[in-house]
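Working through the structure, step by step
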Amino acid sequence: MTHDNESERRFIIEGCAIPARPIPSGLHIVATPIGNLSDITVRALATLAAADIILAEDTRHSARLLHHYGIHARQLSYHEHNAARMRPRILSLLDEGKALALISDAGTPLISDPGMKLVREVLARGHAVYAIPGPSAAITALTLSGLPTDRFLFAGFPPARSGARRRWLQELAGISATVILYESPARIRATLADIIDIFGDRPAALCRELTKLHEEVLRGRLSEIAEELHAREAIKGEITLVIAPPDEKSAPLIRENAQTHPDWREALKEALQHLPPAKAAREIARRYALPRKEVYDHAVSLQKDSDRPNPPKDG
Ligand code: SAM
């Protein structure tokens, strides 16, 4: 359970072995690199080397980091699928006086990563929680974005389905703060289209593969970033999007949205001029986060009205 040999409690930087002092019992939340393995603090390494057990989201993934720094601590997996089962076991280890370190695959644990419930339960049980701060993609992207940093809102991952995502974006649209969100490369194009519809065409920065070999930051209006991505065959890597707060200059460019068309029925009428009812209903239901059936029924009744022959003209 613990290190067999006290001399194993050390870490190695550039060939130099550095002994790690004992750390107190409790849960130590340790931030790890988001790409570049050198982005880790000395305190983080010392904590990982001194911990009785490292709780890792993916033990094989973390083995690479631990191996790089010559750290031999035992790992246990703690991820969203085993968390509920693992928490009682972790609490018992803390009751025994163990020092546990929590890490995620990258960046700061608990930030769109497991750990929040664990911290709550550890605190409720009366054990100590320590933070060993370090990288997080959200803050790294914010500082690179060139956008206001005085007030920002970290929103995590948008919902995967467009209806839920659009409702989620509508909640954020009026907030006077820079918005930071995480998104997968597979969904970024669809998410950008929804953001432009709902937020308007604000300045933004799309930060990809931060601190890695292919690091890239695309700065510009959301529509320019979307255009750039559409021109690419494939979008790969990890993405953090930073979006400027609302201001007068950021009127929607591309399509109408809920603000410019407060009445979805009017938007539906327009859509029916160039789309069949089912497609128009799907588009409007998605855009206004409405039940598709309700919009479709209305589309059919509008269509029926317009199919009626014109009344004969007088005279
Ligand atoms: N806890 C992590 C942190 O503090 O940044 C975030 C974990 S979350 C599961 C992973 C997401 O963070 C990725 O899908 C991506 O959106 C963002 N991310 C992580 N590493 C990144 C990087 N190197 N560049 C850009 N975004 C990154």
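Anything mentioned here points back to the structure above.
Because the structure is a prediction, the values reported are computed rather than measured.

1. Focus: the overall build of the protein
Within the protein, the regular secondary structure consists of 11 helices and 12 strands. Sorting the 315 residues of the protein into buried and exposed places 44% on the buried side. Per element, the accessible surface of the protein, about 16,600 Å² overall, is 52% carbon and sulfur.

2. Side note on the pattern of salt bridges
Overall, the coordinates contain 15 salt bridges when judged by the stated rule. The closest approach of N and O atoms between E183 and R187, which form a salt bridge, is 3.6 Å. Here R187 falls in the partly exposed class, since its relative accessible area comes to 33%. Of the charged contacts in the structure, one is a salt bridge between E228 and R232, with a shortest N-O distance of 2.9 Å.

3. So, the site of the ligand
Surrounding the ligand, one finds 19 residues, the nearest of these being I111, S136, A137, Y182 and I239. One nitrogen or oxygen atom from the main chain of I111 is found 2.8 Å from a nitrogen atom belonging to the ligand. In this structure, D113 approaches the ligand through a side-chain N or O atom, which is 2.8 Å from a nitrogen atom. Where the shell around the ligand is concerned, the elements lending two or more residues are β9 (178–183) and β12 (239–243). Of the residues in the shell around the ligand, the class split is nine nonpolar, five polar and five charged.

4. A short note on the nonpolar core
Within the largest apolar cluster, 23 residues are counted, with the highest numbers of intra-cluster contacts made by L192, I195, F199, L206 and I243. Elements represented by at least two residues in this core include exactly α6 (162–173), β9, α7 (188–199), β10 (203–208), α8 (222–230) and β12. Tallying contributions element by element places α7 first for this core, with six residues. If near-sequence neighbours (up to four positions away) are discounted, I195 is found in contact with L169, L181, G200, L222, L241 and I243. Counting 21 residues, the second largest nonpolar core, distinct from the first, contains F11, V30, A73 and I103.

5. Digging into the pairing of β12
Within β12, five of the five residues are buried, which leaves it mostly tucked inside the rest of the structure. Across the two faces of β12 the burial is the same, with I239, L241 and I243 and T240 and V242 all buried. Note that β9 and β12 share five bridges and pair antiparallel. Its bridge partner lying in β12, E183 is registered against I239. When β10 meets β12, the two strands line up antiparallel, connected through five bridges. Across the sheet, C207 pairs through a bridge with T240, a residue of β12.

6. Notes on the sheet that holds strand β3 (residues 26–30)
Strand pairing in a sheet takes place through backbone hydrogen bonds and is either antiparallel or parallel in direction. Spatial strand order, β5-β4-β6-β3-β7: five strands in an open sheet with parallel pairing. Edge positions in the open sheet fall to β5 (74–77) and β7 (129–132), since each of these has one partner strand only. Across the sheet, the mean angle separating the axes of adjacent strands is 25° when strand polarity is ignored. Bridge count between β3 and strand β6 (residues 99–103): four bridges; the pairing is parallel. What sits directly across from L27, in β6, is L100. Those strands touched by helix α2 (residues 59–68) are β4 (53–56), β5 and β6, and its axis lies near 150° from that of β5.

Parameters at a glance
- Residues numbered from 1 in each chain as written.
- Predicted model: local features only at pLDDT ≥ 70, side-chain atom pairs only at ≥ 80, totals over all residues.
- Heavy atoms only, no water.
- Helix = DSSP H or I, 4+ residues; strand = E, 2+ residues; numbered from the N terminus.
- Buried < 20%, exposed > 50% of the residue type's maximum accessible area, 1.4 Å probe, protein only.
- Areas by Shrake-Rupley, 256 points an atom, 1.4 Å probe, with all protein chains shown as cover.
- Salt bridge = Lys/Arg side-chain N within 4 Å of Asp/Glu carboxyl O.
- Near = heavy atom within 4 Å.
- Polar contact = N/O pair within 3.5 Å; in protein donor to acceptor, adjacent residues only side chain to side chain.
- Nonpolar A, V, L, I, M, F, W, Y, C, P; charged D, E, K, R; others polar.
- Core = buried A, V, L, I, M, F, W, Y, C linked by side-chain atoms within 4.5 Å.
- Contact = heavy atoms within 4.5 Å.
- Pairing = 2+ DSSP bridges.
- Axes fitted to C-alpha atoms, helices over the stretch in contact; angles between N-to-C directions.

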